[in-house]
Amino acid sequence: MNFGGKVLALCGGVGGAKLALGLTEILDPGQLRVVVNTGDDFTHFGLPICPDLDTVMYTLGGVSNRQQGWGREGESWNCFDTLKDLGAETWFQLGDRDLAVHLQRRALLDAGYSLSEATATLYQGFDVRHDVVPMTDDPVATIIESAQGDLPFQHYFVRHRCQPAITGYRFNGIEDARPSPGFQAILDDPALAGIIVCPSNPFVSVSPILSLPGVRERIGKLGVPVIAVSPIVGGAAIKGPAAKMFRELDLPVSNQGVADFYGDLLSTLVVNDSDRSEPLNVSTQVYYCRTLMHSLADKVALAEACLSILKP
Ligand code: GDP
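Residues numbered from 1 in each chain as written. Predicted model: local features only at pLDDT ≥ 70, side-chain atom pairs only at ≥ 80, totals over all residues. Heavy atoms only, no water.

**Some thoughts on the packing of helix H1 (residues 14–26) against helix H2 (residues 51–60)**
For any two helices packed against each other, one specifies the inter-axial angle together with the distance between the axes.
Thought 1: Look at H1 against H2: their axes get within 9 Å of each other, and the N-to-C directions meet at 35°. The handedness of the crossing between H1 and H2 is right-handed. Each of Val14, Ala17, Ala20, Leu21 and Thr24 in H1 lies in contact with H2, whose residues at this interface are Thr55, Val56, Thr59 and Leu60.
Thought 2: By residue class, the composition of the contact of H1 with H2 is six nonpolar, three polar and no charged. (Axes fitted to C-alpha atoms, helices over the stretch in contact; angles between N-to-C directions. Helix = DSSP H or I, 4+ residues; strand = E, 2+ residues; numbered from the N terminus. Left-handed = near helix turned anticlockwise from the far one by under 90°. Contact = heavy atoms within 4.5 Å. Nonpolar A, V, L, I, M, F, W, Y, C, P; charged D, E, K, R; others polar.)

**Here we look at the pattern of salt bridges**
Thought 1: The tally for this structure, following the rule as stated, stands at 13 salt bridges.
Thought 2: Here Asp110 and Arg106 are joined by a salt bridge, their closest N and O atoms 3.3 Å apart. With a gap of four residues between them, Asp110 and Arg106 both fall in helix H4 (residues 96–110), about one helical turn apart.
Thought 3: The exposure class of Arg106 is partly exposed, given its relative accessible area of 25%.
Thought 4: The partner of Arg218 in a salt bridge is Asp188, with the nearest N and O atoms 3.3 Å apart. Highlighted residues: Arg218 in helix H9 (residues 215–222) and Asp188 in the loop between helix H7 (181–187) and strand S9 (192–197), separated in sequence by 30 residues. (Salt bridge = Lys/Arg side-chain N within 4 Å of Asp/Glu carboxyl O. Buried < 20%, exposed > 50% of the residue type's maximum accessible area, 1.4 Å probe, protein only.)

**A short note on the sheet that holds S9**
Think of a sheet as strands paired side by side through backbone hydrogen bonds, with each pair either parallel or antiparallel.
Thought 1: Sheet architecture is open: seven strands sit in the order S5-S2-S1-S9-S10-S13-S14, paired in parallel fashion. Both outer strands of the open sheet, strand S5 (131–134) and strand S14 (285–289), are each paired with one neighbouring strand and no more. Recorded for the sheet is a direction-independent mean angle of 25° between the axes of neighbouring strands.
Thought 2: As paired strands, strand S1 (residues 6–11) and S9 are joined by five bridges and run parallel to one another. By the bridge assignment for S9, Leu10 is matched with Val197.
Thought 3: Docked against the sheet, helix H8 (residues 202–211) engages S1, strand S2 (32–36) and S9, running at close to 120° with respect to S1.
Thought 4: Packed onto the sheet, helix H11 (residues 255–262) meets S9, strand S10 (226–229) and strand S13 (268–272) and runs at close to 160° relative to S13. (Pairing = 2+ DSSP bridges.)

**Focus: the site of the ligand**
Thought 1: Taken together, 21 residues form the shell around the ligand, and within it Pro199, Ser200, Ser205, Pro231 and Thr291 come nearest.
Thought 2: Among the cavities detected, the one that contains the ligand is the largest pocket.
Thought 3: Among the elements that line the shell around the ligand, the one with the most residues is H1, at four residues.
Thought 4: A class-by-class count of the residues in the shell around the ligand yields eight nonpolar, nine polar and four charged. (Near = heavy atom within 4 Å. 1 Å grid on protein atoms, 1.4 Å probe; cavity = no way out; pocket = protein on both sides within 12 Å on 5 of 7 lines; lining within 4 Å. Sits in = over half its atoms within 2 Å of the grid points.)

**So, the packing of aromatic side chains**
Aromatic rings in a pair are described by how distant their centres are and how their planes are angled relative to each other.
Thought 1: Within this structure, the stated rule accounts for 13 aromatic pairs.
Thought 2: Pairing Phe42 with Trp91 gives two aromatic rings, centres 6.1 Å apart and planes at 35°, and the pair type is tilted. Of the two residues, Phe42 is situated in strand S3 (residues 42–44) and Trp91 in the loop between helix H3 (78–85) and H4; the sequence distance between them amounts to 49 residues. Comparing Phe42 with Trp91 shows no difference in burial state: the two are buried.
Thought 3: Arranged with centres 5.7 Å apart and planes meeting at 45°, the rings of Tyr169 and Phe171 form a pair that is tilted.
Thought 4: In this structure Phe171 comes out as buried when scored by relative accessible area, which is 9%.
Thought 5: A connected cluster of aromatic rings, assembled from ring pairs, spans Tyr169, Phe171, Phe203, Phe246, Phe261 and Tyr262. (Phe/Tyr/Trp six-rings, centres within 6.5 Å; stacked < 30°, edge-to-face > 60°.)

Have a look at this one:
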């Protein structure tokens, strides 16, 4: 596409990956950088697991299990079944092919690669030509504060299936974390023409990225359009705990809630057509279109709509 300038997309896992795929269908590799949340990352069986980076990698690499919403298509479970036989912890499912990625990431990190370098190497292995970088190379861990106490994010999300009521959340290590070199470079790039906040969970997928020291301020000063696609449609989330989190944090489960959450960061909020009748009291522009991304055509159409808003 003849888009004048570069685009930065801020992205979590499933919802973010869908729009990222649409963007990669339109933009050349040099025109797009996707920055992915790493607050969900954790170590399991000694292996570094990066759920959002891997979801985006499998999606852009064309190997994701779309029905399941996580992991790979055509997965086998020999290792996991053996772990079960051995009485190991099995609340976090790890397929054989998926495990290979975590093993290779472990090897690369142990060999001294940064997370950014390890990510680039892994993405190359999946023939992903577009540029996807972690938000930081430093350790950041999302902690869910709940009625059952503090829960590391994967324990809340997978082990407890998002059941505990949340009272708050925090990102351990965020004060000392720096944006990754690729993230910093795009923020400093004079060719940056606009930012797209993917329809990811605002609290636990996008907020860690925006909470890195200096990032929100830097984006505010760039003077480029910042648009967000709302992950809330018809007062509900398409998937995952976003709506439940809005409710439990006493925030409106609506596009208004999303707009309020991002506040003056945004120039445009992109809202699903079916929510036109929701009264919105916002200072940003509101753009209505179909934001439900079931097919590849849906993803490309939404990406096109986002780029048309950004285009000067
Ligand atoms: P996670 O880290 O895997 O949970 O993924 P994300 O944070 O990137 O995505 C979760 C969010 O994506 C949820 O709040 C969903 O409502 C939203 N989402 C998923 N699919 C769609 C879609 O097709 N359209 C829109 N607008 N939002 C979506």
